[in-house]
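Geometric and topological summary
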Amino acid sequence: MLIFAIIMKRFPHKLSQKMLLRQENDALRSLPDKILGVDFSSNDYLGFSKREESSANINNLLVNFGVTSLGATGSRLLTGNHSLYNEAEKRIASYHNAEAALLFNSGYDANIGFFSSVPQKGDLILYDELIHASIRDGIQMSLAKGYKFKHNDLKDLEEKLKRYTQNTSNNEIYVVTESVFSMDGDTPDLQLIANICLSYQAFFVVDEAHGLGVFGNQGKGLVHQLGLTSSVFAVIYTYGKAMGCHGAAIVCSNELKNYLINFARSFIYTTGLPPHSVASIIQAYLDLEKTSQIQNLRDNIDFFVSQILKLGLQDQFVKSESAIQSCIVTGNSEVKYIAGNFQKCGFDVKPILSPTVPQGQERLRFCLHSYNTQDEIMEVLKLLVTFAQKVK
Ligand SMILES: Cc1ncc(COP(=O)(O)O)c(C=O)c1O
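Residues numbered from 1 in each chain as written. Predicted model: local features only at pLDDT ≥ 70, side-chain atom pairs only at ≥ 80, totals over all residues.

**Things to note about the overall build of the chain**
Across its full length, the chain holds 15 helices and twelve strands. The C-alpha radius of gyration computed for the chain amounts to 22 Å, which stays within 12% of the reference 21 Å derived for 392 residues, consistent with globular compactness. Of the contacts made within the chain by residues no fewer than 6 positions apart, 73% connect residues no fewer than 24 positions apart. (Helix = DSSP H or I, 4+ residues; strand = E, 2+ residues; numbered from the N terminus. Rg over C-alpha atoms; globule rule 2.2 N^0.38 Å. Contact = placed C-beta atoms within 7 Å.)

As structure tokens, this is what we get:
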């Protein structure tokens, strides 16, 4: 017992050093206390996580499918493949006009599963330099070569494609981007990337984590809005954001789905999602089809952008038509100071620090929701003007 206590109390020196450096850079992360204040920070863009009326429907789905188990009880390849899974995947594929869908336990799992198993040794992956950590991690686990291109810079993408595809005729090329970048809220020209992919015969992959529920008819996302469903090899949709629940799906062909079932390790070697989570995803899609919250959210995005212009703040904000609006405030201490002041005034706006974003690009990230009021939006922006003057 005493030995355990001593071992547990020891801490590797190199780790202490790393923590110290974080502290010195005012970048030490810690779990927040209960979050209070007007929500300008969660990913619950449509308020779906709080739909009380859907709880009963989710329970009915479980009863109708005869699922009584609370947990999946195993990997989907063993005992975890309860009947709701097939139903959910059929509905997801149909909603997104695709052949197939495969559920993963999270967006993180979907991305590492895809990128660690699909691109093969000798293949090439070109990814936007601001791509999400889960895609980067997946690429790191892959034997393929990964090269980044400058953020939303399609000239750079083409140049890199030209440079890296010489003498690699037998190998495949994958190009990956996000429909909405999670820290900037901006959007690449997906149509142009699809054209470039076509001319290089590259496989195009899009992460729609922040596009689902925000863009497109019935919130189907930007790929659908732009009519690119048949131009993409795979799309990753995550359910912890606008859908208000948990999990993710890769929407793709039957052939790719079968491949992933066989080779994506984050799919194979893990317990499946519990039935309640799968039922919640089905219900979220049913609600998405008929909700008025998407229009409320779009109205709030338009209103927020119009207020930025009115207050002359447009140069500080990254240009965005999504629910994510980022105001650059250089310096971890500065951005934390402003976020702290927002908190004191009853507004929850998160500071995004380096190293999550590059040094000098620290920011306040305003996440907009269908349930924010115009008064709240006007007030939070007025406060921003006041606080920003104090850190100049
Ligand atoms: C672009 C993007 N992809 C994937 C993920 C991961 O999704 P999840 O939270 O379901 O793991 C996130 C979430 O932070 C994200 O922003």
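Additional details are given in the paragraphs that follow.
**Some remarks on the site of the ligand**
For the ligand, the set of nearby residues contains 13 residues, the closest of which are Ser106, Gly107, Tyr108, Ser182 and Ala209. Sorting elements by how many residues they give to the shell around the ligand places helix H5 (residues 107–117) first, with three residues. Its residues assigned to classes, the shell around the ligand comprises three nonpolar, eight polar and two charged. (Near = placed C-beta within 6 Å. Nonpolar A, V, L, I, M, F, W, Y, C, P; charged D, E, K, R; others polar.)

**Regarding the domain arrangement of the chain**
Looking at the assigned domains, one finds that the chain contains domain 1 (52–290) and domain 2 (292–392). Centre-to-centre separation of domain 1 and domain 2, based on C-alpha positions: 28 Å. Taken together, the contacts link eleven residues of domain 1 with 14 residues of domain 2. The residue makeup of the side of domain 1 that touches domain 2, split by class, is three nonpolar, six polar and two charged. (Domains from an automatic or database assignment.)

**Some words on the sheet that holds strand E12 (residues 363–367)**
Pairing is antiparallel in the open sheet, where three strands are placed in the order E9-E12-E11. In this open sheet, the two edge strands, each paired with only one partner strand, are strand E9 (324–328) and strand E11 (350–352). When strand polarity is set aside, the average angle formed by the axes of neighbouring strands in this sheet is 35 degrees. Here E11 runs beside E12; their pairing, made up of three bridges, is antiparallel. Note that in E12 the partner of isoleucine 352 across the bridge is arginine 363. (Pairing = 2+ DSSP bridges. Axes fitted to C-alpha atoms, helices over the stretch in contact; angles between N-to-C directions.)

**Examining the packing of helix H13 (residues 293–310) against helix H15 (residues 374–391)**
In a pair of packed helices, the angle between the axes and the distance between the axes together describe the arrangement. Relative orientation of the contacting elements H13 and H15 amounts to 30 degrees, with a least axis distance of 10 Å. Classified by the angle between their axes, H13 and H15 sit roughly parallel to one another. Where H13 crosses over H15, the handedness of that crossing is right-handed. Along its contact with H13, which presents Asn300, Phe303, Phe304, Gln307 and Ile308, the element H15 presents Gln374, Ile377, Met378 and Leu381. Grouping the constituent residues of the contact of H13 with H15 by class yields six nonpolar, three polar and no charged. (Parallel < 35°, antiparallel > 145°, perpendicular 65-115°, else oblique. Left-handed = near helix turned anticlockwise from the far one by under 90°.)

**Some words on the nonpolar core**
Most often, soluble globular proteins keep nonpolar side chains buried together rather than apart. Ala249, Ile250 and Val251 are the most contacted members of the largest nonpolar core, which has 104 residues in total. Ranked by the residues each element gives to this core, the list is headed by helix H12 (residues 275–290), at seven residues. With residues near it in sequence (within four places) discarded, isoleucine 250 still touches Leu102, Phe104, Ala110, Phe114, Ala234, Ile236 and Leu260. (Core = buried A, V, L, I, M, F, W, Y, C linked by C-beta atoms within 7 Å. Buried ≥ 20, exposed ≤ 12 C-beta atoms within 10 Å, placed from the backbone.)

**Focus on the packing of helix H4 (residues 83–95) against H12**
Contact geometry for H4 and H12: axes closest at 10 Å, N-to-C directions at 25 degrees. Of the possible angle classes, the one that applies to H4 and H12 is roughly parallel. Considering only the axes of H4 and H12, their crossing is left-handed. Between H4 and H12, the contacting residues are Leu84, Tyr85, Glu87, Ala88, Arg91, Ile92 and Tyr95 on the first element and Pro275, Val278, Ala279, Ile281, Ile282 and Tyr285 on the second. Partitioning the contact of H4 with H12 into residue classes produces eleven nonpolar, no polar and two charged.

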